[in-house]
Protein chains: 2
Amino acid sequence: MTERFKVIDRRTALLNASVEQIALKGARGMRVEEVARSAGVSAALIYHHFEDRSTLLRAALEHVGKQAGEYTKPVGKHPATGRGLLTERLLAEIQDKPEVRINSAAWGELRDSAIFDKTLQPTFARLTAEWVSDIAELVRQGQDDRSVKKQLDPDATAFTLTVLVEGISGRWLTGILTTKEARKRLLTCIELCLG
Amino acid sequence: MTERFKVIDRRTALLNASVEQIALKGARGMRVEEVARSAGVSAALIYHHFEDRSTLLRAALEHVGKQAGEYTKPVGKHPATGRGLLTERLLAEIQDKPEVRINSAAWGELRDSAIFDKTLQPTFARLTAEWVSDIAELVRQGQDDRSVKKQLDPDATAFTLTVLVEGISGRWLTGILTTKEARKRLLTCIELCLG
C-alpha cells in the first residue's frame, strides 16, 4: 500500500489539527472549536474522543512525540554504525518540511505551557526521558561497534545531544538560522560531543 | 542608596508586569488590560507609553534581555579569568529566584511567538546575536589569559554554549531538572565545550 492510499483515522486527524493549532496559537491559545473547524468536525465529536481540553493537550503532546519518533527514524543515509545512526536521527529533527516545523514548534509551545501547567509535566518529562534513553542506546551501540569513544558516559552524552537539538531548533524555528545552517551547526556540535 | 530605596520608574513597572503576564499566559495570551490591572494603572496609560500591543511586546522582549544581562553580570565568585567569568555568567542564567524563572520563561514564550510573529523576529535575532557576541568576547579573553584553549573558534564556541543554556533552561523550567541539577549539567557541558 503506498503512502497516498494511507487512511488516517479520525482520532489522528483530530490530533494533527490540534498540533497545528498549538503551533500557531500556543497551547493556551488552542481553542477546541477551532480544532474542530479545521478538522471539519463538531466540537462534540472532539469531546467524544477526548474527555476534556486538558486530555486533548496531553494526547497532542504524545502525538508530537510519536511523530518526531517517526520522522527521525534513520533511513540509512549514513553508515549503519551507532554513530552514523545517532547522527542521522538527531539531524532529522531539523528538516525543511512544514510538518516537521509545525511539530517542532508545537513541542516548544507545549514545553512553555508545562512550566505552569502541572498536568502536562509528567507527560513532558516521560517523553523527554524516552528520547534521551533512545539516544543513549545509540551511543552504547556506537561504543560496541567502536564508532563512539568508550570513555563517554552514554546518558550524560545523550542528555547533552538532546539539549543541543532543542537549543538549535529554537534558533532555526525563529529564523535566526536557515535549515542548512542549523543542520551544519548541529553536526559540528555532535562531532564536538562525540569527539 | 540601597536597593530598598530604589525607585522604579513607571515604564519599568509596566514592563515588569508585561514580562510576568507573558511568562504566565504566553506572549499571545498577554492582555494589555491584565498588564494594566496588575501594575495598578489604566490601559490608556500603557498606550501612552507604548504605541500598541506589538510595540509593548517588543519592549518587553528588550526588557527580558536587559534583565538577563543584569542578573548574569559576574560578581566575582569565580576566578577572574576569562574562563571563570564565562562560567559564572552562563551559570547565572539558572538561579532559584522567582524573577529569574519568570524572565527565562518569558524569553521562551517570546521565542516561540517569534516563530510566527515576524514583528518580533528582528529584536529576537539581535538580542541573541548580542548575547552570543558577549560570550565570544569572554572566550577570547580566556584565550588571552590562557584559561581557554587557543584552537577553539570563539564564535562557534559561544554559539554552542548559549544553545546549551537555552536547552538546559527548558528542562529546568519544566521541572525535569532541579536548579541544582540544571546548574551541574550546565557546568559539565561548559567543561566539555571548553576542554
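Here the structure is a predicted model, which is why all the values come from computation and not from measurement. (Residues numbered from 1 in each chain as written. Chains lettered and ligands numbered in written order. Predicted model: local features only at pLDDT ≥ 70, side-chain atom pairs only at ≥ 80, totals over all residues. Heavy atoms only, no water.)

Colleague: Sorry if this is basic, but what is going on with the packing of helix H1 (residues 10-25) of chain A against helix H2 (residues 32-39) of chain A here?
Modeller: To characterise two packed helices, one gives the angle between the axes of the helices and the distance between these axes. Residue and element names in this part refer to chain A. Direction vectors running N to C along H1 and H2 enclose 125°, while the axes themselves pass 9 Å from each other. What the angle tells us is that H1 and H2 run oblique. For the element pair H1 and H2, the recorded crossing hand is right-handed. Of the residues in H2, those touching H1 at Leu-14, Ala-17, Ser-18, Gln-21 and Lys-25 are Glu-34, Val-35, Ser-38 and Ala-39. The residue makeup of the contact of H1 with H2, split by class, is 4 nonpolar, 3 polar and 2 charged. (Axes fitted to C-alpha atoms, helices over the stretch in contact; angles between N-to-C directions. Helix = DSSP H or I, 4+ residues; strand = E, 2+ residues; numbered from the N terminus. Parallel < 35°, antiparallel > 145°, perpendicular 65-115°, else oblique. Left-handed = near helix turned anticlockwise from the far one by under 90°. Contact = heavy atoms within 4.5 Å. Nonpolar A, V, L, I, M, F, W, Y, C, P; charged D, E, K, R; others polar.)

Colleague: Would you explain the relation of the copies chain B and chain A in this entry?
Modeller: Here the second copy of the chain follows from the first by a rotation about an axis and a shift along it. Once chain B has been moved 0.0 Å along the axis and rotated by 180°, it coincides with chain A to within an RMSD of 0.0 Å. Given the turn and translation reported, the copies of this chain are related as if by a two-fold rotation axis. Across chain B, the smallest distance between a C-alpha and the rotation axis is recorded for Gly-167 of chain B, namely 2.2 Å. (Least-squares fit on C-alpha atoms with pLDDT ≥ 70 in both.)

Colleague: Is there a simple way to think about the nonpolar core in this case?
Modeller: Ile-46 and Ile-168 of chain A together with Ile-46 and Ile-168 of chain B are the most contacted members of the largest nonpolar core, which totals 122 residues. Each residue touching Ile-168 of chain A, except ones within four places of it in the same chain, is listed here: Ile-94, Leu-177, Ala-182, Arg-185, Leu-186 and Cys-189 of chain A together with Phe-159 and Val-163 of chain B. (Core = buried A, V, L, I, M, F, W, Y, C linked by side-chain atoms within 4.5 Å. Buried < 20%, exposed > 50% of the residue type's maximum accessible area, 1.4 Å probe, protein only.)

Colleague: What should I look at first to understand the interface of chain B and chain A in this one?
Modeller: Buried accessible area, meaning the area lost when the parts come together, often serves as the stated size of an interface. If you look at the interface, chain B gives 39 residues, while chain A gives 38 residues. In total, about 3300 Å² of surface goes out of reach between chain B and chain A, with carbon and sulfur atoms giving 66% of it. The largest contributions to the chain B side of the interface with chain A come from Phe-159, Arg-171 and Thr-174 of chain B, which together make up 21% of the buried area. Linking chain B with chain A are 4 salt bridges, by the criterion used here. When the shortest N-O distance is used, the salt bridge between Arg-171 of chain B and Glu-166 of chain A registers 2.9 Å. Counting across the interface, chain B meets chain A through 8 residue pairs in polar contact (both at pLDDT 80 or more). Broken down by secondary-structure element, the contributors of at least two residues to the side of chain B that touches chain A are helix H1 (10-25), helix H6 (98-114), helix H7 (121-144), helix H8 (154-173) and helix H9 (179-194) of chain B. Split into classes, the residues belonging to the side of chain B that touches chain A amount to 21 nonpolar, 10 polar and 8 charged. (Buried area = accessible area lost by both parts, 1.4 Å probe. Salt bridge = Lys/Arg side-chain N within 4 Å of Asp/Glu carboxyl O. Polar contact = N/O pair within 3.5 Å; in protein donor to acceptor, adjacent residues only side chain to side chain.)

Colleague: Help me out: how do you make sense of the side chain of Ser-147 of chain B in this one?
Modeller: Residues and elements named next belong to chain B. Relative to the helices and strands, Ser-147 is located in the loop between H7 and H8. With a relative accessible area of 17%, Ser-147 lands in the buried category. A polar side-chain atom of Ser-147 sits 2.6 Å from a polar atom in the side chain of Asp-145. Ignoring sequence-local partners within four residues, the contact set of Ser-147 consists of Thr-81, Gly-82, Arg-83 and Gly-142.

Colleague: Hey, could you run me through the pattern of salt bridges in this one?
Modeller: Side-chain pairing between opposite charges can occur once the charged atoms of the two side chains come close. All names here are of chain B. As enumerated under the stated definition, the model contains 22 salt bridges over all chains in all. The partner of Arg-83 in a salt bridge is Glu-191, and the shortest N-O contact between them spans 3.6 Å. Of this pair, Arg-83 sits in helix H5 (residues 82-91) while Glu-191 sits in helix H9; the two residues are 108 residues apart in sequence, bridging distant segments of the chain. In this structure, Asp-134 engages Arg-89 in a salt bridge whose closest nitrogen and oxygen atoms are separated by 3.5 Å. A residue pair is termed long-range when its members are at least 10 positions apart, and Asp-134 in helix H7 and Arg-89 in helix H5 qualify at 45 residues. By relative accessible area, Asp-134 is classed as partly exposed at 36%.

Colleague: Even after reading the chapter, I still don't get H1 of chain A, so can you show me in this structure?
Modeller: An α-helical turn contains 3.6 residues, so a residue and the one three or four places further along point in the same direction. All names here are of chain A. If you check H1, its first and last C-alpha atoms are 22 Å apart, about what 16 residues at 1.5 Å a residue would give, namely 22 Å. Taken together, the buried positions of H1 are Leu-14, Leu-15, Ala-17, Ser-18, Val-19, Gln-21, Ile-22 and Ala-23. Those residues of H1 that are buried are in contact with H2, helix H3 (43-49), helix H4 (53-71) and helix H6 (98-114). For H1, the N-terminal capping position is held by Asp-9, with its side-chain oxygen 3.2 Å away from the main-chain nitrogen of Arg-11. After H1 finishes, the residue Gly-26 shows a positive phi value of roughly 90°. (Expected span 1.5 Å × (residues − 1).)

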